[in-house]
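Below are the chains, spelled out letter by letter.
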Amino acid sequence: MDVLGGLRFSAVGSGVAGQKNFANVTLIFLSNSVLASDFFILEIFRMGKAKEIKSAQFYEPIAEQAINFRVLGIDLKPALKHFLPPQEDYVLRSRRLPIFVAADGVTLEPEIAGYPKPSGAAWAARLFCEAFIKTAENSYAKMDEAGPKLVFRAANLAVKKYNDSRGRARGRLNYWDRDLFATTAAAAIIKDGKIYWLSISDAFLAVYDKRGRKKFQTPDRWPSGGKFLPRDWNSKPFVERKKILRKIYRNGIDKKGRLIGYGVATGEAAAERYLNFGSLPVKAGDFALLGTDGFTPYLSDRKFLKLFLKSQKGLNSKLRKFTAKKCEQNPSSFGHERSLIAVWI
């Protein structure tokens, strides 16, 4: 979730036997910045009904990779502040069904000995995605309106087990460098002309029609709009505010049962209260963008959306150039670590 993180991705093959009326699914995994602008469209394949999919390949990113960047005449020290966390996004799709998930591990402050290696946030994102795909596959045949919530419950539990294994639980935290490992997430399950979706925090799903008009986007990450913060909030030191946010407002529920803060998948049962989920109909020509918050600023850029309305031919090159230019022009808005899955219906 931090600016200036770069990572190369590689694919494990592609190709699905096809018939008519398939959805074109292009998986786009991007993690770049003004310092690192590596971009790869990993797989373009055709996906049909679940029972017809026999050879879909699987993308399995590596949670830990070395940062790869090049200097563009920029003074790195002020930007990096001597701290550059590893890549903490994770994206995954089912081997055999139209199920997709993206997660973004929540970056913690570096410990005295340095940032945790391996990154617990990266593993939280990975374990969430793996558990989500496995559970969604098992429940796909009976998927209904309540399905995304039940799948989230299993994925959130995987994060809890990981935190427990690392000795991270309330009562053992300082809510700074020793805190719960957590992740944002968004997911889509496509079945019978519907997208069953979920999101928590600032990961998103956005759906557009064939003309690029937005039909749907997942809700805002802070339901209460911060109205439950104390009156002297802005006068408190930054470190104190951040600790309070994590201790009280993260997955926070007051004595009246109200949502007072924001939600992320930490393994805590209260995270489920902050989950947004539902379903919506889709039709031929629609396309969906599923991703992490680094791509959110791009969603309001009409030129960016137009790239998805044209032929997929050359899309790799066009997106590489477009995002690299945006990163250089405004790294604070467009240079954050980000991942995206694009699905054409």
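Look up a bit, the structure's there.
Residues numbered from 1 in each chain as written. Predicted model: local features only at pLDDT ≥ 70, side-chain atom pairs only at ≥ 80, totals over all residues. Heavy atoms only, no water.

Undergrad: How do you make sense of helix H3 (residues 147–165) when you look at a structure like this?
TA: Three- or four-residue spacings in an α-helix give side chains the same orientation, since the helix completes a turn every 3.6 residues. Between the first and last C-alpha of H3 there are 28 Å, a value that for 19 residues agrees with the 27 Å anticipated at 1.5 Å per step. Looking at H3, one finds that the buried residues are Gly 147, Pro 148, Val 151, Phe 152, Ala 155, Asn 156, Ala 158, Val 159, Tyr 162 and Asn 163. Along the axis of H3, the buried residues cluster in a sector spanning 160°; they form a single face. Exposed side chains of H3 directed beyond 90 degrees from the buried face belong to Lys 161 and Ser 165. Each element contacted by the buried residues of H3 is listed here: helix H2 (120–139), strand S5 (183–191), strand S6 (194–200) and strand S9 (276–281). Directly after H3, the chain includes Gly 167, whose backbone phi takes a positive value near 70°. (Helix = DSSP H or I, 4+ residues; strand = E, 2+ residues; numbered from the N terminus. Expected span 1.5 Å × (residues − 1). Buried < 20%, exposed > 50% of the residue type's maximum accessible area, 1.4 Å probe, protein only. Arc of directions from axis to C-beta. Contact = heavy atoms within 4.5 Å.)

Undergrad: Looking at this structure, I do not really get the nonpolar core. What am I missing?
TA: Side chains of a nonpolar character, in soluble globular proteins, are inclined to be buried together. Residues Ile 99, Val 101, Phe 128, Phe 132, Phe 152, Ile 189 and Ile 200 are the most contacted members of the largest nonpolar core, which totals 34 residues. Counting residues per element, the ones that place at least two in this core are strand S3 (89–93), strand S4 (99–105), H2, H3, S5 and S6. With residues near it in sequence (within four places) discarded, Phe 132 still touches Ile 99, Phe 100, Val 101, Val 151, Ala 155, Ala 187, Ile 189 and Leu 198. If you look at the next biggest cluster of nonpolar residues, it comprises 20 residues, including Leu 289, Leu 307, Leu 319 and Ala 342. (Core = buried A, V, L, I, M, F, W, Y, C linked by side-chain atoms within 4.5 Å.)

Undergrad: Before we go on, may I ask you to explain a positive patch on the surface in this structure?
TA: A contiguous patch of positive charge, built from Arg 302, Lys 303, Lys 306, Lys 310, Lys 318 and Lys 325, is present on the exposed surface. Among the elements of the structure, helix H5 (302–306) and helix H6 (315–329) are those that each provide at least two residues to the positive patch. With 3 residues, H5 is the largest single contributor of residues to the positive patch. By the secondary structure assignment, Lys 318 is in helix H6. (Patch = residues over 30% accessible without salt bridge, like charges linked within 9 Å, V, L, I, M, F, W, Y side chains within 5 Å. Areas by Shrake-Rupley, 256 points an atom, 1.4 Å probe, with all protein chains shown as cover. Salt bridge = Lys/Arg side-chain N within 4 Å of Asp/Glu carboxyl O. Lys, Arg positive; Asp, Glu negative; His and termini not counted. Charge placed at Lys NZ, Arg CZ, Asp CG, Glu CD.)

Undergrad: What's the story with the sheet that holds S6 in this structure? I'm lost.
TA: Hydrogen bonding along the main chain pairs the strands of a sheet, whether they run parallel or antiparallel. Spatial ordering of the open sheet is given by S3-S4-S5-S6-S9, a layout of 5 strands whose pairing is antiparallel. One side of each edge strand has no neighbouring strand; the edge strands of this open sheet are S3 and S9. The mean angle between the axes of side-by-side strands here comes to 10°, regardless of whether they run parallel or antiparallel. Note that S3 and S4 share 5 bridges and pair antiparallel. Paired with Tyr 90 across the bridge in S4 is Ala 103. Contacts from H3 reach S5, S6 and S9 within the one sheet, and its direction differs from that of S6 by about 40°. (Pairing = 2+ DSSP bridges. Axes fitted to C-alpha atoms, helices over the stretch in contact; angles between N-to-C directions.)

Undergrad: Looking at this structure, I do not really get the side chain of Ser 224. What am I missing?
TA: Of note, Ser 224 is situated in the loop between strand S8 (214–217) and helix H4 (238–249). Take Ser 224: its relative accessible area is 11%, and that puts it in the buried class. Separated by 2.8 Å, the side chains of Ser 224 and Trp 222 make a polar contact. Beyond its immediate chain neighbours, meaning those up to four positions away, Ser 224 contacts Leu 259, Ile 260 and Gly 261. (Polar contact = N/O pair within 3.5 Å; in protein donor to acceptor, adjacent residues only side chain to side chain.)

Undergrad: Teacher, can you tell me more about the pairing of S3 here?
TA: The side chains of a regular strand alternate between both faces of the sheet. With 5 of its 5 residues buried, S3 lies for the most part within the structure. Across the two faces of S3 the burial is the same, with Asp 89, Val 91 and Arg 93 and Tyr 90 and Leu 92 all buried. Here S3 hands over to S4 after 5 residues, the two strands then running antiparallel side by side.

Undergrad: Before we go on, may I ask you to explain the pattern of salt bridges in this structure?
TA: Working definition: two side chains of opposite charge can pair if their charged atoms are close together. One pass over the full model with this rule turns up 14 salt bridges. The closest approach of N and O atoms between Glu 268 and Arg 170, which form a salt bridge, is 2.8 Å. With Glu 268 in the loop between H4 and S9 and Arg 170 in the loop between H3 and S5, the pair connects residues that are 98 residues apart, well separated along the chain. Judged by relative accessible area, Glu 268 falls into the buried class, the value being 17%.

Undergrad: Would you explain H2 in this entry?
TA: Between its first and last C-alpha, H2 extends 28 Å over 20 residues, near the 28 Å set by a 1.5 Å rise per residue. Measuring from the side-chain oxygen of the N-cap residue of H2 to the backbone nitrogen of Ala 121 gives 3.4 Å; that N-cap residue is Ser 119.

Limitation: the analysis is restricted to geometry and does not speak to function.
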